[in-house]
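Listed below, chain by chain, are the residues.
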Amino acid sequence: MLPSVVVWESTKACDFNCRHCRAVSIKERLPEELTAEEVERRVIDRIKGLFVISGGDAMKRDDILDIAKYASSKLVTALSPSGSRITKDVAQKIKDAGIRAVSISVDGPEPIHDDFRGVPGAYEIASEASRNVKDVGLHLQVNSTVSRFNIDHLDELKDTVMSLNPDTWDVFVLIPTGRATRNMEILPIQNEMLMLKVREWRRKGINVKMTCNPYFVRFSAVRGDPVPKYDPEKGRGSSGGARGCMASNGFLFVAYNGDVYPCGFLPIKLGNVKERLLDEIYNSPLSRSISDPSALKGKCGVCEYKLVCGGCRGRVYSKTRDVHGEDEFCLYHPRVMYHDKRFQIA
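Notes on the structure follow. The shown structure was predicted, so the numbers you read here are calculated from the model rather than taken from an experiment.

### Points about the side chain of Ser-82
So, point 1. Note on placement: Ser-82 falls in the loop between β3 (76-79) and α3 (88-96).
So, point 2. On the accessibility criterion, Ser-82 (16% relative accessible area) is buried.
So, point 3. Aside from chain neighbours lying at most four places away, what touches Ser-82 is Cys-14, Phe-16, Gly-56 and Asp-57.

Have a look at this one:
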């Protein structure tokens, strides 16, 4: 089997200093980065579906558009720059390289966004990039990370994002990994309120989805929305803006140095593409065990949505170091818990 979605951390170099980043902020590139040939032959050639070029800031690499051109000749390719001034000329070059979509991060109105990203003027940089991406006819996706810094400003966040006229809006929920700490995370009840907001926005015609928030599958399903498909060969599907945990489930994250992880928020190293091809790593026993629904524990293991949700494995691991553990961030009580004495309170 080949992974269907791969995010490649092209470099760690970035001029921003985002509070929530899973990586340490550095200004210059590191010598251990994958070469263009390595990423082309050992990563891109071993994927089917979508290839996302991320970072750090991918535009820090002077060969990034050549790599993108190679990738886009074989796969749907997207770019997720961070901190770059995407002028109209740069945006056109990105389009000419065959990239289909560009994602820009916006986490709120200017004061909130600049504070969260750690650089004065970050919002204006994001706004300019968004305008230029749209002007050259590229698909614009705006990514927003919800944390304690903006959870009380959701309507302002929505208005700010909509002012950029994105084609899609992807709402992430902060996971306490890397520089993101637990006191930056929203509360489970706040996440339930966030999911209600997102569902209301979708019903009003906003093309918004949720990533790293697999509970939205359950939240939508109990309200009558379609349940995404689950295919052991392809991983968890998406439906109505909802998608379950993707870690090693059709998805892989490739770090700047070739290390491979189930996702960018789950620091369990599966292998390195300098030593083994990407699809070999994806099909390894360790990778398959992480995505195995039958290995889930606690209420996740008995939940009727475990195939399509699975809980957030990155969030669970960050708190328990048990990748198959129960996801306490989810407030749902599976149906079996109401009838099985093992789950009843005496």
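Having seen it, we continue.
### Notes on the packing of helix α4 (residues 110-117) against helix α5 (residues 122-135)
So, point 1. Contact geometry for α4 and α5: axes closest at 7 Å, N-to-C directions at 105 degrees. With respect to each other, α4 and α5 are oriented roughly perpendicular. Judged by residue contacts, Glu-110, His-113, Asp-114 and Arg-117 of α4 engage Ala-122, Tyr-123 and Ala-126 from α5.
So, point 2. Here the residues of the contact of α4 with α5 sort into three nonpolar, one polar and three charged.

### Considering the environment of Ser-163
So, point 1. For Ser-163, the location among the structural elements is in the loop between α6 (154-162) and β6 (168-173).
So, point 2. In sequence terms Ser-163 and Arg-42 are 121 residues apart; their C-alpha atoms lie 40 Å from each other.

### Describing the sheet that holds strand β1 (residues 5-9)
What links the strands of a sheet is backbone hydrogen bonding, and the strands pair in either a parallel or an antiparallel sense.
So, point 1. Here we have ten strands laid out as an open sheet, ordered β7-β6-β5-β4-β3-β2-β1-β12-β13-β14, and mixed in their pairing. The open sheet has two edge strands, β7 (208-211) and β14 (271-272), and neither has a second partner.
So, point 2. In the sheet, β3 pairs with strand β4 (residues 101-105) via two bridges, with the strands oriented parallel. Each residue of the ladder has a partner; that of Leu-79, found in β4, is Val-102.
So, point 3. Set on the sheet, helix α7 (residues 188-203) makes contact with β5 (139-146), β6 and β7; between it and β7 the angle comes to about 150 degrees.

Cut-offs and rules
- Residues numbered from 1 in each chain as written.
- Predicted model: local features only at pLDDT ≥ 70, side-chain atom pairs only at ≥ 80, totals over all residues.
- Heavy atoms only, no water.
- Helix = DSSP H or I, 4+ residues; strand = E, 2+ residues; numbered from the N terminus.
- Buried < 20%, exposed > 50% of the residue type's maximum accessible area, 1.4 Å probe, protein only.
- Contact = heavy atoms within 4.5 Å.
- Axes fitted to C-alpha atoms, helices over the stretch in contact; angles between N-to-C directions.
- Parallel < 35°, antiparallel > 145°, perpendicular 65-115°, else oblique.
- Nonpolar A, V, L, I, M, F, W, Y, C, P; charged D, E, K, R; others polar.
- Pairing = 2+ DSSP bridges.

All quantities given are derived from atomic positions and should not be read as evidence of function.
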